[in-house]
Amino acid sequence: MDASKLIIGGAEHPVDVRLALTEAERRRARVKISYNFGERCIMKKIDYILQSVVNGRLTGFIHENDNGEMHPAIIICPGGGYKYLTPHEGEPVAAAFFAKGYNAFVCYYPICQDAVYPAPQLAIFEALAYVRDNAGKFHVIENNIAVAGFSAGGHVAASAGVLYKDREIQAGLGVNGTHIRPDAMVLIYPCIGVDIEGYGGGISKNNVLRCDELVDGATPPAFLVTSFGDTFVCCNQSLNMARALSDNNVPFELHCFEPGDHGFLNNNNRTLGESTTRYIGFDSWFSLCTDWLRDRWNPNVGFGKNVSADGRIIEDYFELSLMG
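Each residue is numbered by its place in its chain's sequence as written, counting from 1. A pLDDT threshold of at least 70 governs which residues receive local features in this predicted model, and a stricter bar of 80 or more applies before side-chain atom pairs are shown or counted, although totals over entire chains, interfaces and linings include all residues. In computing side-chain properties, one takes all heavy atoms of the structure into account and sets aside hydrogens as well as water.

### A few points about the packing of helix α3 (residues 119-133) against helix α4 (residues 152-162)
In a packed pair of helices, the relevant descriptors are the angle between the two axes and the axis-to-axis distance.
Then step 1. Note on definitions: angles span 0 to 180 degrees between N-to-C directions of axes, and those axes are lines fitted to C-alpha atoms, for helices only across the stretch in contact. Numbering of helices and strands runs from the N terminus, with a helix taken as a DSSP run of H or I at least four residues long and a strand as a DSSP run of E at least two residues long. Orientation of α3 relative to α4, taken along the N-to-C sense of each, is 65°, at an axis distance of 9 Å. At the point where α3 passes α4, the crossing takes the right-handed sense. For the pair α3 and α4, contact is made by Pro120, Gln121, Ile124, Phe125 and Leu128 and by His155, Val156, Ser159 and Ala160, respectively.
Then step 2. Any residue outside Ala, Val, Leu, Ile, Met, Phe, Trp, Tyr, Cys, Pro, Asp, Glu, Lys and Arg is labelled polar, Gly included; the first ten of those are nonpolar and the last four are charged. In terms of residue class, the contact of α3 with α4 is made up of six nonpolar, three polar and no charged. Less than a right angle of anticlockwise turn of the near helix away from the far helix marks a crossing as left-handed, whereas a clockwise turn marks it as right-handed. Working rule for contacts: check all heavy atoms of both residues, and any pair within 4.5 Å makes them a contact.

### Details of the packing of helix α2 (residues 91-99) against helix α7 (residues 282-296)
Then step 1. Direction vectors running N to C along α2 and α7 enclose 45°, while the axes themselves pass 12 Å from each other. By the angle between their axes, α2 is oblique relative to α7. Judged by the twist between their axes, the crossing of α2 over α7 is right-handed. Residues Val93, Ala96 and Phe97 of α2 form the contact with α7, whose participating residues are Phe282, Phe286, Cys289, Thr290 and Leu293.
Then step 2. Here the contact of α2 with α7 is built from residues that sort into seven nonpolar, one polar and no charged. If an angle is under 35 degrees, it is roughly parallel; if it is over 145, roughly antiparallel; if it lies from 65 to 115, roughly perpendicular; otherwise it is oblique.

### Digging into α4
Then step 1. A large share of α4 lies buried, amounting to 11 of its 11 residues.
Then step 2. Listing the buried residues of α4 in full gives Ala152, Gly153, Gly154, His155, Val156, Ala157, Ala158, Ser159, Ala160, Gly161 and Val162. Relative accessibility decides the category of a residue: with a 1.4 Å probe and only protein chains considered, values under 20% of the type maximum give buried, values over 50% give exposed, and everything between is partly exposed.

### Quick notes on the confidence of the model for the protein chain
Close inspection of predicted coordinates is inappropriate for parts of the model with low pLDDT.
Then step 1. Known as pLDDT, the predictor's confidence for each residue is given on a scale from 0 to 100. Of all residues in the protein chain, 72% attain a pLDDT of 70 or more, and the chain-wide mean is 79.
Then step 2. Contacts from residues 1-38, a stretch scored under 50 in pLDDT, to residues over four places away or in other chains number 90 contacts.
Then step 3. Low confidence marks residues 299-304, where pLDDT is under 50. Its contacts with residues over four positions away, or in another chain, come to 13 contacts.

### Brief notes about the side chain of aspartate 230
Then step 1. Relative to the assigned elements, aspartate 230 resides in the loop between β12 (222-227) and α6 (236-247).
Then step 2. Definition of a polar contact: a pair of N or O atoms within 3.5 Å, with one able to donate and the other able to accept a hydrogen when the atoms are protein atoms, and with sequence-neighbouring residues admitted only if both atoms are side-chain atoms. Separated by 2.9 Å, the side chain of aspartate 230 and the backbone nitrogen of phenylalanine 232 make a polar contact.

### As for the environment of leucine 58
Then step 1. Structurally, the position occupied by leucine 58 is in strand β5 (residues 57-63).
Then step 2. With a relative accessible area of 0%, leucine 58 lands in the buried category.
Then step 3. Every residue in contact with leucine 58, bar those within four places of it in the chain, is listed here: Ile46, Asp47, Tyr48, Leu50, Ile75, Phe105, Val106, Cys107, Ala127, Tyr130 and Val131.

### A closer look at the pattern of salt bridges
Then step 1. By definition, a salt bridge exists where a carboxyl oxygen of Asp or Glu is found within 4 Å of a side-chain nitrogen of Lys or Arg. For the structure on display, the rule yields nine salt bridges.
Then step 2. The partner of aspartate 247 in a salt bridge is arginine 243, and the shortest N-O contact between them spans 2.8 Å. Of this pair, aspartate 247 and arginine 243 both sit in helix α6, four residues apart, which is roughly one turn of the helix. Take aspartate 247 and arginine 243: they sit in the same class, and that class is exposed.
Then step 3. Among the charged side chains, a network of salt bridges with common partners joins Arg210, Asp212 and Glu213.

The following block contains the structure:
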């Protein structure tokens, strides 16, 4: 397909899809698209104020088609160290997933003084419940809902995969664990362990919420991206998560690039200068991610078409008992 650019929220992002909107539809969706050819697609933007937390909201970009076609969904959590929300890790990423056929949402979870456990986690779980409750209205395949997160947002997304059975979380939302369990996790240079206020009764080294230590056999499959060159969030955090998933026989895919400091993997406007002759950025992992998700989704009946009973992608897995 022809590669072009999609601009949303003032940020420009390359996409690989044929998509066209009329000027009226662009104004309606508050989105500017820098080309006008190919298949017609209407984008509907929705905003929802999260009810379980202070200063939380969910923004969605929905395919509004007349043919009743259903779409997988992804809920994106921007990073920012629980102090702010990085703009280019939110709506531009949602736009890229939208261009790949997803109904994409951005979860603006509580930050700063509001980021006291379990508030950020309640935000992503309420977002999951809201999208699943409105799956028919939003043309979403209800068991094709992934979460994605960058940096601290990766911690929020990973929390969704390991805390959905937590009784405090369930009680806070009035739902059961199955309803708020994501079907897959996309974790990009994620913080896997964070000393978050309120977890375990306060801030101390003993109260770090380490998602890798909470992985079990029912944790959703994960796609992880990190870099050895990340001097802010060590790649060991992703490696620890991958090892925990492997130890519990949970399928995952891990990409660890050598060059690239924190944030480089989601910024196509940066270069690494003399440190490498390779381009390292958003395009290094995004197609790998959507290919991985595509293998896990079935557009007719949902999660499971290309996946065996133990959750592994069928055509990529064979049993090898020679080594652990």
